[in-house]
Amino acid sequence: MSSITADGQATHAHTSNEFGVGEFITTYVFSRDHKVIGLQFLFSTLLWFLIGGLLAIGIRWQLAWPWSDMPVIGPMLFSAEGGQISPEFYTMLFTMHATVMTFLVIIPILAGAFGNYLIPLMIGADDMAFPTLNMLSYWVMWPAFLFFGGSFFVAGNGASSGWTSYPPLSSISEAAPGSGLAQTMWLIALTCVGISSMMGSVNYMTTIIQMRAPGMTMMRLPMTIWGMFITALLQAFALPVLTAAGFMQLADRMFGTGFFVPEGLIVNNSEMAAGGGQPLLWQHLFWFYSHPAVYIMILPAMGMVSDILACFARKPLFGYKPMVYAICGIAGLGFIVWGHHMFVSGMNPGLGMTFMVATMMIALPSAVKTFNWLGTIYGGKIQFTTPMLFALSFVLMFVIGGLSGIFMAATPVDIFIHDTYFIVAHFHYVLFGGTAMAVFGAIYFWFPKMFGRMMNEPLGKVHFLLTFLFMNGTFFTMHILGAVGFPRRLADPYHYETFRHLLPMNQFMTICAILMVACQIFFIVNFFYSIFFGPKAGRNPWHANGLEWQAPSPPGHGNFDFQPIVYRGPYEYNSPEVDEDYYPQTQPPNQRGDTDEPATMVNH
Amino acid sequence: MADNSIDHLFYVILWMTGLVFIGTGLAMFWFLWKYDEKKNDGPVWYSHGSHLLEIIWSVIPAVVILFLAIYQMDAWAGARMRRPMLENGQPKPAMARVIGRQFEWKIQYPGDDKQFDTPDDLYTTNDLHVPRDEEVVLEITSEDVLHSFFLPNFREKQDVVPGMKQFLWFKPVKDGKYDIVCAELCGWGHYKMKGRITVESASDFRAWLQKAYDEQELSEYSLAEAE
Ligand code: HEM
Ligand SMILES: [Cu+2]
Ligand SMILES: [Cu+2]
């Protein structure tokens, strides 16, 4: 299908006028090529990222200037009240913000976009093990997009029982405005996302186990691949539980079963028929998935950050094996800590104590990872490129998020801070400060591979600096709110005297949040401009070691124009064995060569 | 809460995590400054890791964390497991019953006979009174969806689960009126599910109970009258 020219650009054998419509559709729309699928995921999730961000501005607006008309976006997006956010609308805003960000952005951008794009390239395979399954894993996201998206518009209200969807609120239509059709659609969409993740997960595990290039042992895998691999395992073991729970909730709603509905409820002055269930059951099942899911949302990011740090510190990754064990430890412990979301739920307090100890223990592998990242930059020759800046900020922000986790893991403290802004601060530090920053770093880092062109560095740095500043302005203050007890999910917290004095601080945060969203324009402009007009990248613009950098940029169908053979791990920067400060995984030992022209080039 | 053990624990953790954060932050910025490509013209430290360092930085955090885990257990037990006792060794009965419903707190006092659901019970809405310096036990439940009974000023919070009867206890120490906040999403009106707890001396508390009871009788009487 494609041939490779000397400058490392893949050109398709067909010229565009030979290209039939059917072929266009199989190449770019229903493509089974992991790279196209990866980019499809990337573009879809970035679009949803923007939508999720706008929903967040709606939330912040209400918290800063409650019940006042929201200019510009308000009348455009919002309810009939001419841009004023009603309490019903507010509950929908935070429900859908979290839903979109978790299920349509972070999980699919890590596993779907980067997992798809990078796994075959980084292990030296020509594609995924199951290309058709891979294609389907993208296309079942579309029913999810449509159902989640459509739930905004159905009669009544959008889904509005929180992203955690706790019954009985979520399972009884009389209980909440969004508990009507929208909640059902929400559950169906969630199932679609689950199916997509499951198809991806099976594919990634098989590909990583079966399709590694000769010489690519497990202990020579880049950390990115380790992150993806463990994530796939987590998905495979945790997801069925969520899917089952989702079906149970659907049954409660549609067929009048009572898995989660206790006896004798009186909602909205009418007595409920179903009964005999237990609301806490849902919480157990939900968090049995959703706690591992928070690691699904960070392990790949940790892997990508490790690769970026080593590359731009020009040093081997410090403690490769401990890093791998730490990931496995986090994943393993991740299965026995779900109860820390339920310390004040009414769960047996003795059980709370065991969950507390297990949760505390998870801080340990997190600490090991952090110290090894510091060890990686120690004694290096650090290049402050845009991806490096984002990776460094990941480390610092993850430290804050991990440390705030300790407050919440301490059960007595959690009595006070549970369901306050302290929690919101915690997960935004790990998910925005951590994962989203890593994702930006990864985009800047792998962009040359994806599109064959470089992104603009000065614009990237401006984007980094502004995002970093406004992010901390928005989220650090949330710790302070939480320490005063400021609850989350209140449409008007100032209804309570206790919190009235916190209004100015909230206004400050809202301004930061608006600016944070606004400064993404630097990213958007840079991204689209560079796709078309950025300087040509060549195969290995960063002088990195990974296999993907030996393939053409962008790689053609089948990825490699030679059979990659792996001689060493991916982090041999500044190895004494070679003159250059990098030593690609495919370069035969003691053979000096220019990697833009791989020594092992064999046409196939 | 009877004591300030939660605040104490919060500050202990704040100190510990604060030191760790400042330590790692300083180390990071120092490395970044020192090993900037533009400044560092020495050779790169070509190292794949260090066993000793890995052991050091696993064992020290493990010890600290284990200490924290054990240190907090007593406060948790006090808040959740050691229900106040009567002199005769029986668990102290609830002073009032709090029932969450969309979007208000129904409060029920058992009256002189100390039995709930008898004719001398006192009912109020969103208005809870408790005596100062006494262990207060409350029985809480919900009649529709989840709520959470949150007293920010008392560092007390307990989710209210329909179908489940739970007890919680605390010891108010300062007179005043404080917010009762709902901390678990319970529907569109969640934000306005606001109650008020009044802490007053034991004699004021008894006087209030009596007065509220009389008013209730009166209004029931006039209701009956009106029919
Ligand atoms: C050092 C490790 C960590 C510890 C000890 C920890 C601890 C906790 C605890 C105890 C809670 C529940 C608090 C409550 O609701 O009262 C929580 C919530 C949460 N954590 Fe973590 N966490 C850690 C790392 C992470 C990471 C890495 C992520 C994500 C990438 C994450 C994401 C979340 C989210 C999303 C929630 C809140 C979910 C919700 O209620 O909506 N955490 N964490
Ligand atoms: Cu968790
Ligand atoms: Cu509520």
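- Under an unreviewed UniProt entry, the name given to chain A is Cytochrome c oxidase subunit I, and the source organism is Blastopirellula marina.
- UniProt's Sequence similarities (unreviewed entry) comment on chain A is quoted here verbatim: "Belongs to the heme-copper respiratory oxidase family."
- As recorded by UniProt, the Subcellular location (unreviewed entry) comment attached to chain A reads in full: "Membrane".

## Observations regarding the overall build of chain A
Then, in step 1: The helix and strand inventory of chain A stands at 19 helices and four strands.
Then, in step 2: Against the compact-globule benchmark of 25 Å for 604 residues, chain A has a radius of gyration of 24 Å, which places it among compact chains.
Then, in step 3: Dimensions along the principal axes, computed over C-alpha positions, put chain A at roughly 80 × 55 × 45 Å.
Then, in step 4: Taken across its 604 residues, chain A has 66% of its residues classed as buried.
Then, in step 5: Taking all contacts inside chain A whose residues are at least 6 apart in sequence as the whole, residues at least 24 apart take part in 76%.
Then, in step 6: Split by element, the accessible area of chain A, about 19,100 Å² in all, is 69% carbon and sulfur.
Then, in step 7: Distance between charge centroids for chain A: 9 Å, based on 21 positive and 29 negative side chains.

## Overview of the side chain of Lys 315 of chain A
Then, in step 1: You can see Lys 315 of chain A is positioned in the loop between α10 (299-313) and α11 (320-334).
Then, in step 2: Those residues in contact with Lys 315 of chain A that lie beyond four places of it in its chain are Ala 310, Gly 375, Thr 376, Tyr 378, Gly 379, Gly 380, Tyr 571 and Tyr 573 of chain A together with Val 44 and Trp 45 of chain B.

## Observations concerning the coordination of the copper ion (ligand 3)
Each pair of donors in an ideal octahedron of six around a metal sits at 90 or 180 degrees, and each pair in an ideal tetrahedron of four sits at 109.5 degrees.
Residue and element names in this part refer to chain B.
Then, in step 1: Every protein donor of the copper ion (ligand 3) is accounted for by Cys 182 (SG), Glu 184 (O), Cys 186 (SG) and His 190 (ND1), and the metal-donor separations fall at 2.1 to 2.8 Å.
Then, in step 2: Taken together, the four donor atoms coordinating the copper ion (ligand 3) and their angles of 85 to 135° define a geometry best described as tetrahedral.
Then, in step 3: Here the donor residues of the copper ion (ligand 3) are spaced in sequence according to C-x1-E-x1-C-x3-H. In this structure, Cys 182 and His 190 share a single accessibility class: buried.

## Thoughts on the coordination of the iron atom of ligand 1
Residues and elements named next belong to chain A.
Then, in step 1: Exactly one protein atom donates to the iron atom of ligand 1; that atom is His 426 (NE2), 2.1 Å from the metal.
Then, in step 2: The copper ion (ligand 2) is placed at 4.6 Å from the iron atom of ligand 1.
Then, in step 3: For His 426, the location among the structural elements is in helix α15 (residues 421-451).

## Focus on the sheet that holds strand β7 (residues 156-160) of chain B
Residue and element names in this part refer to chain B.
Then, in step 1: The strand order across the open sheet built from five strands is β4-β10-β9-β6-β7, with neighbouring strands paired in mixed fashion. Two strands close off the open sheet at either side, each with one partner strand: β4 (127-131) and β7. Within this sheet the neighbouring strands show an average axis-to-axis angle of 25°, counted without direction.
Then, in step 2: Bridging between β4 and strand β10 (residues 195-200) involves five bridges; their strand directions are parallel. By the bridge assignment for β10, Pro 131 is matched with Glu 200.

## Considerations on unusual backbone geometry
Across residues other than glycine, the phi torsion is negative in most instances, and most of the peptide bonds are trans.
Then, in step 1: Cis geometry marks the peptide bond from Pro 167 of chain A to Pro 168 of chain A, where omega comes out at 5°.
Then, in step 2: In this structure, Pro 168 of chain A sits in the loop between α6 (141-151) and α7 (181-210).
Then, in step 3: Residue Phe 103 of chain B follows Gln 102 of chain B across a cis peptide bond; omega there is -10°.
Then, in step 4: Along the chain, the position of Phe 103 of chain B falls in the loop between β1 (96-101) and β2 (104-109).
Then, in step 5: One non-glycine residue, Asn 559 of chain A, adopts positive backbone phi at about 70°.
Then, in step 6: For Asn 559 of chain A, the location among the structural elements is in the segment after α19 (520-533).
Then, in step 7: Accessibility expressed as a relative area gives 2% for Asn 559 of chain A, which makes it buried.
Then, in step 8: Phi is positive for Asn 126 of chain B, which is not a glycine, with a value near 60°.
Then, in step 9: By secondary structure assignment, the location of Asn 126 of chain B is in the loop between β3 (122-125) and β4.
Then, in step 10: Residue class for Asn 126 of chain B comes out partly exposed when judged on its relative accessible area of 22%.

## Looking at the pattern of salt bridges
Then, in step 1: Overall, the coordinates contain 19 salt bridges over all chains when judged by the stated rule.
Then, in step 2: Between Asp 581 of chain A and Arg 314 of chain A there is a salt bridge whose closest N-O contact spans 2.9 Å. Highlighted residues: Asp 581 of chain A in the segment after α19 and Arg 314 of chain A in the loop between α10 and α11, separated in sequence by 267 residues.
Then, in step 3: Taking the relative accessible area as the measure of exposure, Asp 581 of chain A reaches 25% and is therefore partly exposed.
Then, in step 4: Salt bridges here are not isolated pairs; linked through shared partners, they connect Glu 497 and Arg 500 of chain A together with Lys 194 and Arg 196 of chain B.

What counts and what doesn't
Residues numbered from 1 in each chain as written. Chains lettered and ligands numbered in written order. Predicted model: local features only at pLDDT ≥ 70, side-chain atom pairs only at ≥ 80, totals over all residues. Heavy atoms only, no water. UniProt positions renumbered as here; feature names shortened; annotations may be inferred. Helix = DSSP H or I, 4+ residues; strand = E, 2+ residues; numbered from the N terminus. Rg over C-alpha atoms; globule rule 2.2 N^0.38 Å. Buried < 20%, exposed > 50% of the residue type's maximum accessible area, 1.4 Å probe, protein only. Contact = heavy atoms within 4.5 Å. Areas by Shrake-Rupley, 256 points an atom, 1.4 Å probe, with all protein chains shown as cover. Lys, Arg positive; Asp, Glu negative; His and termini not counted. Charge placed at Lys NZ, Arg CZ, Asp CG, Glu CD. Donors = N, O, S within 2.8 Å, 3.2 Å for Na, K, Ca; no water. Tetrahedral: all angles 85-135°; square planar, octahedral: opposite > 155°, others 65-115°. Pairing = 2+ DSSP bridges. Axes fitted to C-alpha atoms, helices over the stretch in contact; angles between N-to-C directions. Salt bridge = Lys/Arg side-chain N within 4 Å of Asp/Glu carboxyl O.

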